Amino acid sequence: MSDAAPTQHSPAASGAARRPDFETRVAWSEALCAYDFGPRHPMHPSRLDMTARLCEDLGLFSLPRVSVVEPHVASDDELAAVHTRDYIAAVRRVSEDPSSSAPERGLGTEDDPAFAGMHEASARIAGGSLEAADAVLDGRAQHAVNFAGGMHHAAADHASGFCIYNDAALAIQRLLDGGVGRVAYVDVDVHHGDGTQGVFWNDPRVLTISLHESGLTLFPGTGFPDEIGGPEAAGTAVNVALPARTGDGGWLRAFHAIVPPLVEAFRPEVIVSQHGCDSHARDPLADLRTSIDAQREVALTVSRLAARFCSDRWIATGGGGYDVIHVVPRVWTHLVGIAAGHPIHLRTPVPESWREYVREHHAERLLPGEDLPESMGEEADTWWRSWDIGFNPNDAVDRAIMATRREVFPLYGLDAWFD
């Protein structure tokens, strides 16, 4: 099956072939759960703990060519590759004294409440993605995953949208500084990847593609098709602004109509991807309607693109995702399995040991009488129409796709209608 062909994704299909011949690194430590804005905040660290436990119970962390590495706390010098020194100092001040919030820097706001240890917790997430970049650069790993990462709203000089330090941007910059000539950043979080786009707005070496719910209906209110990059990098910022309530078929059609052709045209040497799973129908903060099955398919496609164009060099991060029990652990466990070359079958039962762990350690996250997921998939209908079937001007998703293709495709010598 080509990336552009119509497909019926079957829950019986295991996905990519198993690949035991390469190394995969996973950034994980319980210390990452210190990134904690408080018990009522949507981005609760329990989602990380439950993801790691599910990976463990399904045997992914014990695979012979998977290394689980505790990330270091990134130094100020490392953070300064993307962030301003003044901003890092502000985060440190708030971290040491949470009462001294700095709302002008996005610190101590409703989205990003100040908490003791904020700097260290945020810098540790950054350290996980920096180590992933180092491992890919020196050949210790082909694939790396930091599911605690994907903090794509953080800008050079301020926090935003639950994000303090932009680990994805730091990893990309580390790759560039290490000699990589071109990096493709693929962001499928339901929110626009505005921070990462902003860091590389005028850098022709970095292609940023963001597939998200339109800024007309969702934070951060940006990410429209005419945002295509700075004067020295026109066409390297790509934004697909999807209408609210887009489901699997439209989401996958948009992804395949934009991402594979542009990655092929750009020819990156490494792919860095952000797999925020808040486009899921159960997510409480957004309005798309995707399934775990569709998100797994996108991760498989990114893996194939890295194998085809990047000598199999791929760094994957997490991101948003606020149904912390039913959605986040399964989506990111699928991501780890795909990165490890051992994709988890959609009909794989969720281990009873994991279900018991959730009941025992995260009961406060469960609603009265709430059932826990029983399998790793949802038996969703993920059929999607390939772009070569034709553009339908009466379809809102098609209009969103075409708006992006018209803005960007001609800059790569591609035809917006046919390529």
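Up top is the structure.
What comes next is a walk through the structure. (Residues numbered from 1 in each chain as written. Predicted model: local features only at pLDDT ≥ 70, side-chain atom pairs only at ≥ 80, totals over all residues. Heavy atoms only, no water.)

### Here we look at the packing of aromatic side chains
Definition in use: Planes of paired rings set the category: under 30 degrees apart is stacked, over 60 is edge-to-face and the rest tilted, where pairs are Phe, Tyr or Trp rings (Trp by its six-membered ring) whose centres lie within 6.5 Å. Put simply, DSSP marks the helices as runs of H or I at least four residues long and the strands as runs of E at least two long, and each gets a number from the N terminus on. Classification of residues uses two cut-offs on accessible area relative to the type maximum, computed with a 1.4 Å probe and protein chains only: under 20% is buried, over 50% is exposed, and between them is partly exposed.
Evaluation of the coordinates by the stated rule reveals nine aromatic pairs. With a centroid separation of 6.4 Å and 90 degrees between ring planes, the pair formed by Tyr-35 and Phe-115 is classed as edge-to-face. Taken together, the positions of Tyr-35 in the loop between β1 (24-27) and α1 (46-57) and Phe-115 in the loop between α3 (85-96) and α4 (118-137) put the pair 80 residues apart, joining distant regions of the chain. Phe-115 matches Tyr-35 in its accessibility class, with the two residues each being buried. A connected cluster of aromatic rings, assembled from ring pairs, spans Trp-28, Phe-147 and Trp-332.

### Quick notes on the packing of helix α8 (residues 292-309) against helix α9 (residues 328-339)
In plain terms, the rule: To define axes, lines are fitted to C-alpha atoms, for helices over the stretch in contact only, and angles between the resulting N-to-C directions are given on a 0 to 180 degree scale. Put simply, angles under 35 degrees are roughly parallel, angles over 145 are roughly antiparallel, angles from 65 to 115 are roughly perpendicular, and the rest are oblique. Crossing handedness is defined as follows: a turn of the near helix away from the far one that is anticlockwise and smaller than a right angle gives a left-handed crossing, while the clockwise case is right-handed. Residues count as neighbours in contact if any of their non-hydrogen atoms are within 4.5 Å of one another. Each residue gets one of three labels, nonpolar for Ala, Val, Leu, Ile, Met, Phe, Trp, Tyr, Cys and Pro, charged for Asp, Glu, Lys and Arg, and polar for the others, Gly among them.
For the pair α8 and α9, the least separation of the axes is 10 Å and the interaxial angle reads 25 degrees. Here α9 runs roughly parallel to α8, going by the angle between their axes. The two elements α8 and α9 meet at a crossing, and its hand is right-handed. Across the interface between the two elements, Ile-292, Gln-295, Arg-296, Ala-299, Leu-300 and Ser-303 from α8 touch Arg-330, Val-331, His-334, Leu-335 and Ile-338 from α9. Residue classes in the contact of α8 with α9 are distributed as six nonpolar, three polar and two charged.

### What about the packing of helix α7 (residues 248-266) against helix α11 (residues 396-408)?
Viewed as axis vectors pointing N to C, α7 and α11 meet at an angle of 15 degrees, and their least axial separation amounts to 9 Å. Taken together, the axes of α7 and α11 are roughly parallel relative to one another. Helix-helix and strand crossings are classified by hand; for α7 and α11 the assignment is right-handed. Seen from α7, the contacting residues are Gly-250, Arg-253, Ala-254, Ala-257, Ile-258 and Leu-262; seen from α11, they are Val-397, Asp-398, Ile-401, Thr-404, Arg-405 and Val-408.

### Quick notes on the pairing of strand β8 (residues 314-317)
Spelled out, the test is: A pair of strands is labelled paired if DSSP reports no fewer than 2 bridges between them. Handedness of a crossover: with both strands directed away from the viewer, a clockwise path from the first strand across the helix to the second marks it as right-handed.
Of the two faces of β8, the one lined by Trp-314 and Ala-316 and the one lined by Ile-315 and Thr-317 are each fully buried. Summarising the sheet, strand β3 (residues 143-146) and β8 pair through four bridges and their orientation is parallel. Bridging from a neighbouring strand, Val-145 pairs with Ala-316 of β8. Each parallel crossover has a hand, and for strand β7 (residues 270-274) linked through α8 to β8 it is right-handed.

### Focus on α7
Put simply, the rule is: Helix span, as expected, comes to 1.5 Å for every residue beyond the first.
Between its first and last C-alpha atoms α7 spans 26 Å; for 19 residues at 1.5 Å apiece the expected length is 27 Å, and the two agree. Where burial is concerned, most of α7 is hidden: 16 out of the 19 residues are buried. Just downstream of α7 lies Arg-267, where phi reads positive at about 55 degrees.

### A closer look at the nonpolar core
Using the following cut-off: Think of a nonpolar core as a cluster: buried Ala, Val, Leu, Ile, Met, Phe, Trp, Tyr and Cys residues, connected wherever their side-chain atoms sit within 4.5 Å.
Ranked by internal contacts, the top residues of the largest apolar core, which has 129 residues, are Leu-107, Phe-147, Ile-164, Trp-251, Leu-262, Ile-271 and Trp-314. Among the elements that line this core, the one with the most residues is α7, at 10 residues. Those residues in contact with Ile-164, other than ones at most four positions away along the chain, are Tyr-35, Phe-37, His-83, Tyr-87, Val-91, Leu-107, Asp-112, Met-118, Ser-122, Ala-154 and Ala-159.

### Quick word on helix α10 (residues 352-361)
As a reminder of what qualifies: Taken from the helix axis, the directions to the C-beta atoms give the arc we talk about.
When α10 is considered as a whole, its buried residues turn out to be Trp-354, Arg-355, Tyr-357 and Val-358. Buried residues along α10 cover an arc of 160 degrees about the axis, so they all sit on one side. Of the surrounding secondary structure, the elements contacted by the buried residues of α10 are α1 and α9.

### As for the environment of Glu-120
Tracing the sequence through the fold places Glu-120 in helix α4. Since its relative accessible area comes to 37%, Glu-120 is described here as partly exposed. On a C-alpha basis, the gap between Glu-120 and Tyr-35 in space is 8.6 Å, while along the polypeptide they are 85 residues apart.

### A few points about the sheet that holds β3
The eight strands are arranged β2-β1-β3-β8-β7-β4-β5-β6 in an open sheet whose pairing can be described as parallel. Two strands lie at the open edges of the sheet, namely β2 (66-69) and β6 (237-242), each paired on one side alone. The average undirected angle you get between the axes of adjacent strands in this sheet is 15 degrees. Of the pairings in the sheet, the one linking β7 to β8 comprises four bridges and is parallel in character. The partner of Ser-273 across the bridge, within β8, is Ala-316.

### Topic: empty space enclosed by the protein
As a reminder, the rule being used: A 1.4 Å probe that fits into a set of points on a 1 Å grid over the protein atoms alone but cannot get out defines a cavity; an open set with protein on both sides within 12 Å along at least five of seven lines defines a pocket, and lining residues are those with an atom within 4 Å of a point. Grid points are joined across faces, edges and corners, and a volume is the space filled by probe spheres set on the points.
Applying the stated criterion across every chain yields a total of four cavities of 30 Å³ or more. If you add up the space inside the largest cavity, you get close to 80 Å³. If you go around the largest cavity, the residues you meet are Val-188, Trp-251, His-275, Gly-276, Gln-295, Arg-296, Ala-299, Val-331, Trp-332, His-334 and Leu-335. Among the elements of the structure, α8 and α9 are those that each provide at least two residues to the lining of the largest cavity.

### With respect to the pattern of salt bridges
To keep it simple, the criterion reads: Salt-bridge detection follows one rule: a side-chain nitrogen of Lys or Arg within 4 Å of a carboxyl oxygen of Asp or Glu.
Tallying each qualifying case throughout the model produces 18 salt bridges. Ionic pairing is found between Asp-76 and Arg-92, a salt bridge with its closest N-O pair at 3.1 Å. Of this pair, Asp-76 sits in helix α2 (residues 76-79) while Arg-92 sits in helix α3, and the two are 16 residues apart along the sequence. Residue class for Arg-92 comes out partly exposed when judged on its relative accessible area of 30%. Through salt bridges that share partners, Glu-78, Asp-134 and Arg-174 make up one connected network.

### So, the pairing of β7
Summarising burial for β7: five of the five residues are buried, a large majority. Examined bridge by bridge, strand β4 (residues 183-187) and β7 share five bridges and lie parallel to one another. Across the sheet, the residue bridging to Val-183 is Val-270, located in β7.

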